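Structural characterization, general
One-letter residues, chain by chain:
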Amino acid sequence: MAADAHPLLTLNDVSVGFGGLRALSKVDLRVSAGEVVAVIGPNGAGKTTLFNAISGFVPIDQGRIALAGERIDGLMPHDIAAKGVRRTFQNGGLCGHLTVLENVLAGLHSQTPGNLFSIALGWPSARRAERAAVARARELLDVMKLGPQAAQPASSLSGGQQRMAEILRTIASRPPLLLLDEPAVGLSPPMRTELGKVIRDLARTDGIGVLLIEHAIELVMDVSDRIAVLNYGEKIADDAPAAIRLNRAVLEAYLGHA
């Protein structure tokens, strides 16, 4: 979709350094509501550092990061998450002793009114909220064909299934901005296809802004509205997928040939 005049996420002139190493150098980037933007580049290009800067896990040396016009660089990760930035990590993070359903429900806790006291007392509002959360979690699990495993411990799932359950937990609350760090790792081709549908629906139906790091180029080309390319911490391209395929600098840096 076309970007609006006021992007959801804006990075202006963002740089990050570690000692004498420049991990990001004067990066500009924007993501609008309802837009899927992929970030690609060779290993060491700065993609994960970019996500860490946006989500508050590493400080920036210069520049500005804003969410819906409000500056978020300098905030703690939990404060950035509270403002609506949700993120997956390459290494996952499910609670193996909880059921698959309970793990997805964990992503909805901030949207469920009430507390343990009101639930224990059986207040109608708490019961309704709990039923709605369970229905939402089961809906997501069914989409990804994980419904039959809902009552199983998360540790019993295959690696790909655990990855998908983590993604479902992250998107359950329909956050304004979603950062997906290599979501297709460990997924079978059919699950990658379903993941692509979920990402597109999140953007086009729910209006969520999606920033995606992914090495599966077929998935990137299929779901992205724009693709930004990093190389040695610098953004060397930012364009529609069709244009990125033909970009000489991208072919040289990322694909290894022109």
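One can find the structure itself at the top, above this paragraph.
Residues numbered from 1 in each chain as written. Predicted model: local features only at pLDDT ≥ 70, side-chain atom pairs only at ≥ 80, totals over all residues. Heavy atoms only, no water.

Section: the pairing of strand E9 (residues 226-231)
Our working definition: Exposure is judged per residue with a 1.4 Å probe applied to protein chains only, and the accessible area is read against the type maximum: over 50% gives exposed, under 20% gives buried, and values in between give partly exposed. Here a helix means four or more residues in a row that DSSP labels H or I, a strand means two or more in a row labelled E, and each is numbered from the N terminus. Paired strands, in this sense, are two strands between which DSSP finds at least two bridges.
Of all six residues making up E9, six are buried, and the element is well covered by its neighbours. Residue alternation in E9 divides its side chains into two sets, Arg226, Ala228 and Leu230 and Ile227, Val229 and Asn231, and both sets are buried. Bridge count between strand E3 (residues 36-40) and E9: four bridges; the pairing is parallel. In the sheet register, Ile40 faces E9, and the bridge partner there is Val229.

Some words on the sheet that holds strand E5 (residues 70-71)
Strand order in the open sheet formed by four strands is E2-E1-E4-E5, and the pairing between neighbours is antiparallel. Every interior strand has two partners, whereas the edge strands, strand E2 (21-31) and E5, have only one. Examined bridge by bridge, strand E1 (residues 9-18) and E2 share seven bridges and lie antiparallel to one another. Opposite Val16, over in E2, you have Leu24 as the bridge partner.

Some points on the side chain of Glu214
The criterion, for reference: Counting rule for charge: Lys and Arg are taken as positive, Asp and Glu as negative, and neither His nor the chain ends is counted. The salt bridge criterion pairs a side-chain nitrogen of Lys or Arg with a carboxyl oxygen of Asp or Glu, the two atoms within 4 Å. Polar contacts, as used here, are pairs of N or O atoms within 3.5 Å; protein pairs need one atom able to donate a hydrogen and one able to accept it. Residues neighboring in sequence count only if both atoms are side-chain atoms.
By the secondary structure assignment, Glu214 is in the loop between strand E8 (209-213) and helix H8 (217-223). Arg192 provides the closest opposite charge to the buried, salt-bridge-free Glu214, at an N-O distance of 5.6 Å. Within the local environment of Glu214, its side chain forms a polar contact with the backbone nitrogen of Ala184, the two atoms lying 3.0 Å apart.

Overview of the packing of helix H6 (residues 159-171) against helix H7 (residues 189-204)
Applied cut-off: In this description, a line fitted to the C-alpha atoms serves as the axis of each element, helices being fitted only across the stretch in contact, and the angle between N-to-C directions of two axes falls anywhere from 0 to 180 degrees. Relative orientations are named as follows: roughly parallel for angles under 35 degrees, roughly antiparallel for angles over 145 degrees, roughly perpendicular for angles from 65 to 115 degrees, and oblique for any other angle. It only takes one pair of heavy atoms within 4.5 Å for two residues to be counted as in contact. Residues were grouped as follows: Ala, Val, Leu, Ile, Met, Phe, Trp, Tyr, Cys and Pro as nonpolar; Asp, Glu, Lys and Arg as charged; and all remaining residues, including Gly, as polar.
Viewed as axis vectors pointing N to C, H6 and H7 meet at an angle of 5°, and their least axial separation amounts to 12 Å. What the angle tells us is that H6 and H7 run roughly parallel. When H6 is examined against H7, the residues Gly160, Gln161, Met164, Ile167 and Ile171 are found in contact with a partner set consisting of Met191, Leu195, Val198 and Leu202. Residue composition of the contact of H6 with H7, by class: seven nonpolar, two polar and no charged.

Regarding the layout of surface pockets
Rolled over the atoms, a probe with the dimensions of a water molecule shows which regions are left empty. Selection criterion: Put simply, the grid is 1 Å and covers the protein atoms alone, a cavity is a trapped set of points that fit a 1.4 Å probe, a pocket is an open set with protein on both sides within 12 Å along at least five of seven lines, and lining residues have an atom within 4 Å of a point. Grid points are joined across faces, edges and corners, and a volume is the space filled by probe spheres set on the points.
By volume, the second largest pocket amounts to about 240 Å³. In terms of lining residues, the second largest pocket is bounded by 14 residues, among which Arg136, Leu140, Val143, Asp201 and Asp206 are the most central. Classifying every residue of the lining of the second largest pocket gives six nonpolar, one polar and seven charged.

A short note on the pattern of salt bridges
For the structure shown, the criterion picks out 14 salt bridges. Asp238 is the salt-bridge partner of Arg226, the closest N and O atoms lying 2.6 Å from each other. Taken as a pair, Arg226 in strand E9 and Asp238 in strand E10 (residues 234-239) lie far apart in primary sequence, 12 residues in all. In this structure Arg226 comes out as buried when scored by relative accessible area, which is 9%. Glu252 is the salt-bridge partner of Arg248, the closest N and O atoms lying 3.5 Å from each other. One end of the pair, Arg248, and the other, Glu252, are both in helix H10 (residues 248-255), four residues apart, so they sit about a helical turn from each other. The exposure class of Arg248 is exposed, given its relative accessible area of 56%. In this structure, a network of salt bridges that share partners links the residues Arg30, Glu35, Arg226, Lys235 and Asp238.

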